Amino acid sequence: MIYDVIIVGAGPAGVSAALYATSRGLNTLIIEQCENAGGTLKKVSNITHYTGFKTGESGENFSKMLDYQILKCGANFVNDTVVSTDLTEEIKTVMCKNGSYGAKAVIIAAGTTQNTPEVKVDDIVYRKHFHNHASKDGKSYDNIIVIGGSDGAAKEALYLSKIANHVDLVVIEDDLVAVPEFSNPIKQSKDITLHVHSVVSEVKGDSNIESVIIRDIKTDKETIISKENMGLFYYMGSKPNSEIFEGIDTENGYIITDNNMKTNISGVYAIGDIIVKQIRQISTSVSDGAIAAIEVKKYLSE
């Protein structure tokens, strides 16, 4: 079957595009490597700053709502991993591990992958005790190290401080770069210790975390944290998942689009966190998706 449009990725951008595409009568296929929609938002402890959405709702519940919208709108959904693409022909081809799919247009909403910390650590300890899903894994620990100073890291540190005895937040910058809504409560909290211009240089232990060495990058002074039942959570930015989209113009890995979400290839659009943009939020991703789907309809009607 040749679809009108294939959407690669089922985060907020991809689901928004699917809603607008199906509403315009387009035969739509969503390809998502996870079983459910939501993308990286599934791991967020709570959703904030999204208009019309209750603050404090978990990322997991938000993802369930996206699943419901996909089901209701009538888009086709395939759980598979894209391995390569051929986007330059009139009929675009998306090759996955378990099959290939063709469409007249493609919307790339493949998002980003979180960066992982470069820390001297035993492999077993890394696999068991390094996480970036606070709401799922946070309750397993009494004492927690969080790496990162952005909004996401600060928000998760606040969440974790409510379920753990203590949180140590390690920020490589000279100060938190999070918005005041998150940074101010952290600085006032007795349950969070902030380590600025610092990095986690080593984690010791061969099964569990026995100690964490935090190094001040300005003074080289080391702080050793050794507490019971420790876990480490990291939120250190991300990199775009753009490597498999051959022929697409990028800048530092992010896909270049115009204001209508068009890439340099006719019939190919990109949306959400994977594109070059100043602000990466749920609201901007949803907007991207709406624009792209409307533009696809125009493209197919020409």
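Thresholds, definitions, all that
- The written sequence of each chain sets the order in which its residues are numbered from 1.
- Side-chain atom pairs in this predicted model are given and counted only at pLDDT of 80 or more, local residue features only at pLDDT of at least 70, and totals for whole chains, interfaces and linings cover all residues.
- Side-chain metrics rest on all non-hydrogen atoms present in the structure, leaving aside hydrogens and water.
- By the criteria applied, helices consist of DSSP H or I runs no shorter than four residues and strands consist of E runs no shorter than two, each listed in order from the N terminus.
- The cut-offs for exposure are 20% and 50% of the maximum accessible area for each residue type, with area from a 1.4 Å probe on protein chains only; residues under the lower value are buried, those over the upper are exposed, and the others partly exposed.
- Any two residues whose heavy atoms approach within 4.5 Å at even a single point are treated as in contact.
- For every accessible area listed, the method is Shrake-Rupley and the probe measures 1.4 Å; residues are considered covered only by the protein chains on display.
- Lys and Arg are tallied as positive, Asp and Glu as negative. Neither His nor the chain termini are counted.
- For the purpose of locating charges, the reference atoms are NZ of Lys, CZ of Arg, CG of Asp and CD of Glu.
- What makes two strands pair is DSSP finding at least two bridges between them.
- Axis lines are fitted to C-alpha atoms, over the contacting stretch for helices. Their N-to-C directions set the angle, which ranges from 0 to 180 degrees.
- Buried Ala, Val, Leu, Ile, Met, Phe, Trp, Tyr and Cys residues form a nonpolar core when they are joined through side-chain atoms within 4.5 Å.
- Aromatic pairing here means that ring centres of Phe, Tyr or Trp (its six-membered ring) are within 6.5 Å. Orientation follows from the plane angle: under 30 degrees is stacked, over 60 is edge-to-face, and everything else is tilted.
- Put simply, a charge is over a ring when the Lys NZ or the Arg CZ is close to the ring centre, within 6 Å, and near the line of the ring normal, within 35 degrees.

Student: If you had to explain the overall build of the protein to someone new, which residues and values would you point to?
Tutor: The secondary structure content of the protein amounts to 7 helices and 19 strands. C-alpha atoms of the protein, sized along the principal axes, occupy 65 × 35 × 30 Å. Counting across all 302 residues of the protein, residues that qualify as buried make up 48%. Once local pairs closer than 6 in sequence are excluded, the contacts in the protein between residues at least 24 apart make up 59%. Of the roughly 14,600 Å² of accessible surface on the protein, a fraction of 46% belongs to carbon and sulfur atoms. Between the centroid of the 29 positive side chains of the protein and the centroid of its 39 negative side chains there is a distance of 5 Å.

Student: If you had to explain the sheet that holds strand β11 (residues 192-195) to someone new, which residues and values would you point to?
Tutor: Sheet strands pair by backbone hydrogen bonding; their relative direction is either parallel or antiparallel. Here we have 5 strands laid out as an open sheet, ordered β8-β15-β9-β10-β11, and parallel in their pairing. Edge positions in the sheet fall to β8 (130-131) and β11, since each of these pairs with one other strand and no more. As judged from the 4 bridges shared by strand β10 (residues 166-170) and β11, these two strands associate in the parallel manner. Residue pairing in the sheet places leucine 169 in a bridge with leucine 194 of β11. Lying on the sheet, helix α5 (residues 151-161) is in contact with β9 (143-147), β10, β11 and β15 (230-234); it crosses β9 at an angle near 175°.

Student: Could you give an account of the environment of glycine 247, naming the residues involved and the relevant values?
Tutor: In this fold, glycine 247 is placed in the loop between β16 (238-240) and β17 (250-251). C-alpha separation for the pair glycine 247 and threonine 85, spaced 162 residues apart in sequence, amounts to 9.5 Å.

Student: Pulling in residues and values, what's your account of the nonpolar core?
Tutor: Generally speaking, nonpolar side chains in soluble globular proteins are found buried as a group. Ranked by internal contacts, the top residues of the largest apolar core, which has 51 residues, are Ile6, Ile107 and Ile108. Mapped onto this core, the elements with two or more residues apiece are β1 (2-8), α1 (12-23), β2 (28-32), α2 (59-73), β5 (92-96), β6 (99-108), β19 (268-270) and α7 (282-301). The greatest single-element share of this core, amounting to 6 residues, is contributed by β6. With 20 residues, the next largest nonpolar core counts Leu158, Leu160, Phe182 and Phe233 among its residues.

Student: Now, about the packing of aromatic side chains: what can you tell me, with residues and values included?
Tutor: Enumeration according to the criterion identifies 3 aromatic pairs in this entry. Between tyrosine 50 and phenylalanine 62 the ring centres are 6.0 Å apart and the planes differ by 90°, which places this aromatic pair in the edge-to-face class. Here phenylalanine 62 lies in helix α2 and tyrosine 50 lies in the loop between β2 and α2, a separation of 12 residues in the sequence. Plain terms: the ring middles of tyrosine 141 and phenylalanine 233 are 6.2 Å apart, the flat faces sit at 85° to each other, and that makes the pair edge-to-face. Of this pair, tyrosine 141 sits in the loop between α4 (134-137) and β9 while phenylalanine 233 sits in strand β15, and the two are 92 residues apart along the sequence. Judged on exposure class, the residue tyrosine 141 and its partner phenylalanine 233 are both buried. The ring of tyrosine 254 has arginine 280 lying over it, and the distance from NZ or CZ to the ring centre is 4.1 Å.

Treat this as a map of the structure, not an account of what it does.
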